[in-house]
Amino acid sequence: MLRLLVASAHIPGATGSGPGVHVSARFRGVPRSTRVVPEERSPTWNETLAWPLGARPLHPTASLTLRLRHWGQPAPRGDLGATTVSLDRLVADPGLPLALSHVPLLDPRGQPTGCTVTLRCSYVPRGTAGDTTVPLQGRVPPRAMSPGSPHHPDKPLAGNKEDFQVRVRVIEGHQLQGNDIKPVVTVLIGQHRFRTRIRVGNNPYYNEVFCQNFHGTPAQLAAEPIRIQVLDSRATRAKAVIGVFQEQEEPAADEDVEANLLRPPPCAATLQLRIYRAEDLPQAGPELLRFELSLGNYGDTGDVTCKPAASVTAHGCPLFDGNRYHYLPWYGDKPVVAVTSSWEDASHRWDALNLLRAMCRRLVSTHGSGWDSLGTSLQEKNVTELRSARGDTGGDIGRRLLRQLAQDCGRALARLEAQPTPTPLDAHLRAARLHLLRHVAAAAAVAPRAGWDTLVPVAEGWLGRVTALAVEPQAGVPDVVLWLLRGERRVACARIPAPDLMFSRSGPGTCGRLCGRIQTLFLVGAGDIRAQLRLRLWLGRVTDSGDLPRHLEGTLRVYAETYENQTRLLGKWGPRGLLGRPGFSDGAGKAGLPRHRIRPPRGWRWDGAWTVEPQRRLLLDTETNVGEVLEEVYENESRRLGGEWGPATVASTDASGAAVPPKEEVACPQGWHVTDGWRVDVTGAVDEAGPNIFQLRCYIFQGLELAPRGTKATADPVAHVSFVHVSQSTRVLPGTLDPLWDQTLLFHRVLLYGDPRGVRDEPPAVVVEVFDQDGGVLAWGLRGLRSGVRAPSLEVQCGGRTLRTPTIADLTANPNFPINAFLLTLHLPAEEEYVPPIRLRVLDTRGFGYRPEVGQACVRDLGQYCCQPHGEGQPHSEGQPHDSGTPSPGAAARWGRIAQILPRITTEKGAAGKIYSCELEAVPEFEGLQDFCQTFPLYQGGHPAAGEDPAPVGEFKGLFCVYPLPEDPGVPPPPRHFQELPPSQPQKCLVRVYVIRAFDLPPRDRNGLCDPYIRVSLGTKTLGQRDQYVPNTLEPVFGRLFEVTGTIPLEKDLRVSLLDYDLLPPDQEIGTTTIDLENRLLSRFRAHCGLPTLYRTEWPPPNTVTPGPPRERLALHVLHACHLVPEHLETRTLYNSTQPGLEQGKVQMWVDIFPASLGPPGPPVDITPRKPQRYELRCVVWNTRDVDLGDTNLLGQRMSDIYVTGWMDGLEEQRQRTEVHYRSLQGDGAFNWRFVFSFEYLAAEQLCVLPRKEHFWSLDETVLKVPPKLILQVWDNDKFSADDFLGVLELELTRLPRPAQHPQSCTPTPQGTPQSPWPWRGAQVPSRLSLFRQRRARGWWPCTVQEGGKRRLSGKLELSLELLTAKEAEERPAGKGRGDPNMYPTLPEPVRPEWSFLWLQAPLRGLRYGIWQQHRCRISLGLALLLLLALLFTFIYAAPGYLAMKLVNPLESLHRAGGERPASGAGKP
């Protein structure tokens, strides 16, 4: 998968207008395009485009072409520039995304256009053979199944194609951007586009479902896009996009984290591989084989971008082991390959990772469940041993566990504290690990107080938490891949994670678990194991390569070899007669250099002279355990001075070099004969001294649940056991799927090279494969067995024992066996994993003793049927199967009083019950309603294999009880089970099927809906008419009752089907559910009729519920104490035979079964669907405040001509509007106008029911259900242009925001719950109310408008809302607007200012409203300023005279005072 994230672009000359821009990309000729956005300087997409690569991986020369274009304009006029992005960096390192910022775009002449684009590419390689996870040492091969391991036969393989169904439900939108919009949603599922209906407003309600089917693999499904786009149907195409959402296969990573994951300077690393032996190679001819080791691109012989390396072994010719497999005869000379590469030095991360993984391995063994993926064989079995410990041993194991855990935590903490953190992710991961290890170390230091038994869940919790942190998201080195090459073709491969092989100088604990250790790898190709390889791996830095020699048990040598080819003519060897073959060649037969022309590399020298390597072969008779002896004689020759070959001093020798007689003189021992003459071996190998001889004893006991091959019902299994280069086989057991070999295979004289202690510590793997030995042929030749079976019988096989039941005489009259209880004595192993399954075979009886097989089944996991023997009358123990669901004659006496009132209780259905979200059989407490007997499907040819889904040919009903018998023969056996059984004769019953509703149905018609109706069938009877369909819906409400009679078990399967009505038949089946009535009738949970909560004898129940008679109430209480099935409503899933396994919706229903032997039942329950109730909403628009002013008058004043429109959501055709309030200068308006809306409402669903025809040609009405919502809009009336939108108010009547009592407190955000000033009083008034409960509301609500991506307050409306029923509306009539009858309440004419622009008629009023209302602050300030200026002028004007008067007046007063004073003494007489 190739992904391109188009982030943004830069357009210098953007004008902000135009058709919009988009980015188109093309890869491998496949175009992709982003959405269209407005042309801006920096348009942003953040949109991902994806290309599935299929089986073609990304090539280093691949490129991606991007083009920035104007929408809808032809090329090249609409192009803004293009660029080509090379993807070679993605191929080199797929794990590192390719991020490019501000990539310049070029015109057709190659010149920059000034535009740039920012993008990010990522590459996810598809699942190829190299991506297959190969098991490592200690892991079971993929085809092998360990005893007791879980098996999922119905789970499809990851690469198999399946049927998928993708459903997208568009429910509603919230706060969509825009004003006065009509949004429509388009949904793209894969390559199919769907569209919803057009709605009105910013919070539209759709509730529409779109469905698309796919047939492919899960990977192909994940690559299909799901794109959801919301458009405004009123806007032009370029501006219609409101929003886009695209579902991607995986979320994008955090950009901040990726910015820090930069590759540091590389350091050199080298990989050493030492192969010990390759076994189980494909059975090929003389074609040569070799192995290739690669690390990323390094070592890959097909990659020319890296330097060549010694990554491939020499060609070898496989030899047959004498039994089944081939092997490469390397013996004592092991090939070594080495790859040197450069990668990020992330040793600090690998050390911490390996320490945590080592801690997990010490906590749990291979039998645990916490770290099985490592697959290592551990010596410590702490958690496992502690879990199974008994007595005092638990304390010793627990103390050892805590001690080792504390040591591991100490080592890991010391390493983590010194670990560098070059990236933020390293820092966060290190902090999390330190916190966890400190916590675990502190907990491990204290012994558990509640006993050592409580340590097991605690230790498992530690293990889970440490395992979660034992990951490394920043792996710097790719996995090591080992390939098996046959010629030039890659046959199989194995993959090993690099941290498992990494060497560290910090100590053994920080090294990888497989570093320097011998292991066995299984090479997988095309889903099968093709070979096993025993090898030693080491990965580390070049500076640490000095540690490698200590892992090598021999001497590392580098050889140069060439093959001199000669033929033997007339008894002499020479270069003549080669017939076009080269005189010198390599191991593959290609032309090579003679030895005198081969020169050592620079810095190397020859360590000795050229030598001729003799061909010596190991004897196979003692290794393969076959009855043949291969005599070998080596004819030795030496080269003479003239270049010719002549006899050597010792002409004939054996494999060890000892002299033997010539081949003509070798005598055949007595009792033996020669089967083949002497021949020259040209494919032999070299053997050296130094092998160690071992002996293997392999005990093969049995096999369980083998799958037959092809169309065979049984198999002839044989087991092949391979060990290194030898193999043996068991005997063939014909005609069984559970073979019991009980055979020991002895391998004599197995030669293994190297240190014997290494073989003891790391022994080779023993591989066991089981095959079907061909031989027997079973001819079937029968079809249609369901109707052609005459007299069937049953065979039960288990553990080599067979039980045959009597024949059913007449299958059409009574399908039950004449004898129902049987006893089968078995000898079973004590270990549950070794218990063989029970095999059931149904055989038909024909003439002349012919008994063809009808079908068979396999019953696994017999542990669920194990129980303890019980005595007569003793009840079953908990968890054991029960005998029957109907009381025996003896038990009937105990239930006598209760049984007398059962008919009265079961015939009347109560109103209350329990709703189950699944089938009644899926409720856990009812045990699948198979407590009396279980249903086992029968298949032709045995149990289906994994990935197969064949149709069963029949069913077997029965049950098993497995219990031990006393070993002492003197002790009498316990009583048998299944002794108290109900009568097995068929019984006639009345079946009532109540179907309430269905939902999640897939669309079947072109309008995205369907017209479902019900069809009920039981046996040959079918009910349901085509004309009783529910039109145009995916959630139909039926409320239908069907009554049908049938004979159980002859007619036990009740089928409830939903079909889509079409004008011309046949109708399409939507889905079907099947109910087994026999299980419900026989179950002890009494599932044939739900138990009511209260006792009633009449229907419908009265308003006052009386307790009822004490006797009946007591009986009902006793029945409830038995945990019987109550009154219920079950939800059953519908399936379609054309798409098995895909849900086709659900149906809610219940079934009542009334046996005729209990008498006639009572009347049925009335489940007629509820009818919607008609309501009338009266909305009075009183006033508006602070409404936005949209116009400007002649004086430059802002004003608006305000009017209000309103309608109920979904009823746009009933839109009403007020009169216009002209020339509002402050946004205030007075209306006193009444809106009246009638609608139908379902109180149970809280939805309005809107029946309407979508088109005039539609045959049926479509019933839409939407929430009750009142939409009010405020507009500015214009004479010569479109009216201006001023604001909107949406009020959902069931969740009505509480209004404000004053306009000043009216805010656009909903007011919270008012709190009391006293903290202990709590909330008093809820913030929202339901108009259906309160019926009336009055106050101020805010209007909002979309602006700048946010909603702001654009006005306030004073409303009064009143909700009335149809009867109340008829009793209290009111007209629309202020029309008649103007009542409830009476609306007076609004009081508005009456002035106009005619100044001569009202100049003062014009001045008042035209100047004073707009400029009163300025006028008041101006008047105050004029008054102040007048005062200042008066002061300045009067100040000089006043000052002069003040200065003159004192002198005048003094002068006057001096002139009038008399002389002293003059006036004396």
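What you see is a predicted model; the values in this text were computed from it and never measured. (Residues numbered from 1 in each chain as written. Predicted model: local features only at pLDDT ≥ 70, side-chain atom pairs only at ≥ 80, totals over all residues. Heavy atoms only, no water.)

1. A short note on the overall build of the chain
The number of helices and strands found in the chain is 18 helices and 63 strands. Each of the 1469 residues in the chain was classed as buried or not, and the buried ones make up 42%. Sequence-distant contacts in the chain: of pairs separated by 6 or more residues, those separated by 24 or more amount to 66%. Entry remark: accessible area of the chain is about 79800 Å², with carbon and sulfur atoms responsible for 55%. (Helix = DSSP H or I, 4+ residues; strand = E, 2+ residues; numbered from the N terminus. Buried < 20%, exposed > 50% of the residue type's maximum accessible area, 1.4 Å probe, protein only. Contact = heavy atoms within 4.5 Å. Areas by Shrake-Rupley, 256 points an atom, 1.4 Å probe, with all protein chains shown as cover.)

2. Let's talk about the packing of aromatic side chains
Here the structure, examined in full by the defined rule, presents 21 aromatic pairs. Through successive ring pairs, a cluster of aromatic residues spans Y865, F936, F956 and F960. If you follow R1338 out to its NZ or CZ, it ends over the ring of W1182, 4.3 Å from the centre. (Phe/Tyr/Trp six-rings, centres within 6.5 Å; stacked < 30°, edge-to-face > 60°. Lys NZ or Arg CZ within 6 Å of the ring centre and 35° of its normal.)

3. Let's talk about the packing of helix α4 (residues 347-363) against helix α7 (residues 424-444)
The N-to-C vectors of α4 and α7 enclose an angle of 30 degrees; their axes lie 12 Å apart at closest approach. In terms of orientation, α4 and α7 fall into the roughly parallel class. Crossing handedness for the pair α4 and α7: left-handed. Between α4 and α7, the contacting residues are H348, R349, A352, L356 and M359 on the first element and D426, R433 and L437 on the second. In terms of residue class, the contact of α4 with α7 is made up of 4 nonpolar, 1 polar and 3 charged. (Axes fitted to C-alpha atoms, helices over the stretch in contact; angles between N-to-C directions. Parallel < 35°, antiparallel > 145°, perpendicular 65-115°, else oblique. Left-handed = near helix turned anticlockwise from the far one by under 90°. Nonpolar A, V, L, I, M, F, W, Y, C, P; charged D, E, K, R; others polar.)

4. As for the pattern of salt bridges
Applying the stated criterion to the full structure yields 64 salt bridges. A salt bridge links E488 to R290; the shortest N-O distance between them is 3.5 Å. Here E488 is found in the loop between β20 (480-486) and β21 (489-496), whereas its partner R290 is found in strand β16 (residues 289-295), with 198 residues between them in sequence. With a relative accessible area of 12%, R290 lands in the buried category. Residue K1021 is joined to E1051 by a salt bridge in which the shortest nitrogen-to-oxygen separation is 3.6 Å. Of this pair, K1021 sits in strand β44 (residues 1021-1023) while E1051 sits in the loop between β45 (1037-1048) and β46 (1053-1060), placing them 30 residues apart in sequence. Linked by salt bridges that have partners in common, E955, K957, K1052, D1053 and D1076 make up one network. (Salt bridge = Lys/Arg side-chain N within 4 Å of Asp/Glu carboxyl O.)

5. Focus: the packing of α7 against helix α8 (residues 455-469)
Two elements in contact, α7 and α8, have axes whose closest approach is 10 Å; the angle formed by their N-to-C orientations is 160 degrees. Relative to α8, the element α7 is oriented roughly antiparallel. Considering only the axes of α7 and α8, their crossing is left-handed. Residues L429, A432, R433, L436, H439, V440, A443 and A444 of α7 form the contact with α8, whose own contacting residues are W462, R465, V466 and L469. Split by residue class, the contact of α7 with α8 holds 9 nonpolar, 1 polar and 2 charged.

6. A closer look at unusual backbone geometry
With an omega dihedral of 15 degrees, the bond running from I1048 to P1049 counts as a cis peptide bond. With respect to the secondary-structure elements, P1049 resides in the loop between β45 and β46. Along the chain, P1065 connects to P1066 via a cis peptide bond; the corresponding omega equals 10 degrees. Along the chain, P1066 turns up in the loop between β46 and β47 (1068-1076). Despite not being glycine, E927 shows a phi value in the positive range, around 55 degrees. Take E927: it is sitting in the loop between β39 (914-915) and β40 (934-938). Exposure remark for E927: the relative accessible area of 43% places this residue in the partly exposed category. Of note, the phi angle at H1123 is positive, near 60 degrees, even though the residue is not glycine. Examined against the element boundaries, H1123 turns out to sit in the loop between α15 (1110-1121) and β48 (1128-1136).

7. Notes on the nonpolar core
Grouped together as the largest cluster of nonpolar side chains are 39 residues, with contacts concentrated most on L1177, F1239, L1270 and L1359. When residues of this core are assigned to their parent elements, the largest contribution, 6 residues, is made by strand β55 (residues 1229-1242). Not counting the four nearest positions on each side in its chain, L1359 is found in contact with C1179, V1180, V1181, W1182, L1272, L1289, L1291, A1337, R1338, G1339 and W1341. Counting residues in hydrophobic clusters, the runner-up holds 33 residues, among them V85, V103, C115 and Y123. (Core = buried A, V, L, I, M, F, W, Y, C linked by side-chain atoms within 4.5 Å.)

8. A word on α4
Look at α4: 24 Å from first C-alpha to last across 17 residues, which is about the 24 Å you get at 1.5 Å a residue. Burial of α4 is extensive: 15 of the 17 residues sit out of reach of the surface. (Expected span 1.5 Å × (residues − 1).)

9. Details of the side chain of Q934
Note that Q934 resides in strand β40. Within the structure, Q934 has its side chain in polar contact with the side chain of Y865 (distance 2.8 Å). Setting aside its immediate chain neighbours within four residues, Q934 contacts Y865, F956, K957, G958 and L959. (Polar contact = N/O pair within 3.5 Å; in protein donor to acceptor, adjacent residues only side chain to side chain.)

10. A few points about α15
Relative to the 16 Å expected for 12 residues at 1.5 Å per residue, α15 spans 16 Å between its end C-alpha atoms, a close match to the ideal helical length. Along α15, the residues that are buried comprise E1112, A1115, L1116 and L1119. The buried side chains of α15 occupy one side of the element, clustering within an arc of 100 degrees when seen end-on. When the buried face of α15 is taken as reference, the exposed residues oriented beyond 90 degrees from it are P1110, L1114, H1117 and A1121. Positioned one or two residues after α15, H1123 has a phi angle of 60 degrees, which is positive. (Arc of directions from axis to C-beta.)

11. Points about the environment of A1374
Inspection of the secondary structure assignment puts A1374 in the loop between α17 (1366-1371) and α18 (1403-1459). Considered as a pair, A1374 and F1235 are 139 residues apart in the sequence and their alpha carbons are 9.8 Å apart. Excluding residues within four positions of it along the chain, A1374 makes contact with R1178, R1234, V1236, P1381 and M1383.

12. A word on the side chain of Q743
For Q743, the position within the fold is in strand β33 (residues 740-752). The exposure class assigned to Q743 is buried, which follows from its relative accessible area of 19%. Residue contacts for Q743: discarding those within four places in its chain leaves C698, Y699, I700, S729, T730 and R731.

13. Comments concerning the sheet that holds strand β35 (residues 792-798)
Read from one edge to the other, the open sheet built from 4 strands follows the order β36-β35-β37-β38, with strand pairing classed as antiparallel. Each edge of the open sheet is held by one strand with a lone partner, namely β36 (801-804) and β38 (853-859). Averaged over all pairs of adjacent strands, the angle between strand axes in this sheet comes to 20 degrees, irrespective of strand direction. In terms of strand pairing, strand β37 (residues 838-844) meets β38 through 6 bridges, oriented antiparallel. Bridged to V842 within β38 is G855. (Pairing = 2+ DSSP bridges.)

14. Things to note about a negative patch on the surface
Together, D333, E561, D586 and E613 line one region of the surface with negative charge. Since its relative accessible area comes to 47%, E613 is described here as partly exposed. (Patch = residues over 30% accessible without salt bridge, like charges linked within 9 Å, V, L, I, M, F, W, Y side chains within 5 Å. Lys, Arg positive; Asp, Glu negative; His and termini not counted. Charge placed at Lys NZ, Arg CZ, Asp CG, Glu CD.)

15. A word on the pairing of strand β10 (residues 183-189)
The buried count for β10 comes to 7 of 7 residues, which makes it a mostly enclosed element. Burial along β10 is two-sided: P183, V185, V187 and I189 facing one way and V184, T186 and L188 facing the other are all buried. Strand direction decides the pairing type here: β10 and strand β13 (residues 226-232), joined by 7 bridges, are antiparallel. Bridge pairing in β13 links V184 to L231. Linking β10 back to strand β11 (residues 192-195) in an antiparallel pair, the connection comprises 2 residues, with G190 at a positive phi of about 65 degrees.

16. Quick notes on a nonpolar patch on the surface
A surface patch of nonpolar side chains, amounting to about 850 Å² of accessible area, comprises L1423, L1425, L1426, L1428, L1429, L1432, F1435 and I1436. Looking at the element boundaries, L1425 is found in helix α18.

17. What to know about the environment of A1115
Position of A1115 relative to the elements: it lies in helix α15. Classification of A1115 by relative accessible area gives buried; the value is 7%. Expressed as a C-alpha distance, the spacing of A1115 and Y1095, which sit 20 residues apart in the sequence, is 9.8 Å.

18. Things to note about the confidence of the model for the chain
For the chain, mean pLDDT is 77; residues scoring 70 or higher make up 80% of the total. Low pLDDT, under 50, characterises residues 615-627; the stretch is placed with 42 contacts to residues that sit more than four places away or in other chains. pLDDT under 50 marks residues 777-785. Its contacts with residues more than four places away, or in other chains, come to 11 contacts. (pLDDT = per-residue confidence, 0-100.)

19. Brief notes about the environment of A240
Mapped onto the fold, A240 is located in the loop between β13 and β14 (241-247). Measuring from C-alpha to C-alpha, the distance between A240 and V184 comes to 9.9 Å, with 56 residues separating the pair along the chain. With near-sequence residues (within four places) excluded, A240 lies in contact with V230, L231, D232 and A235.

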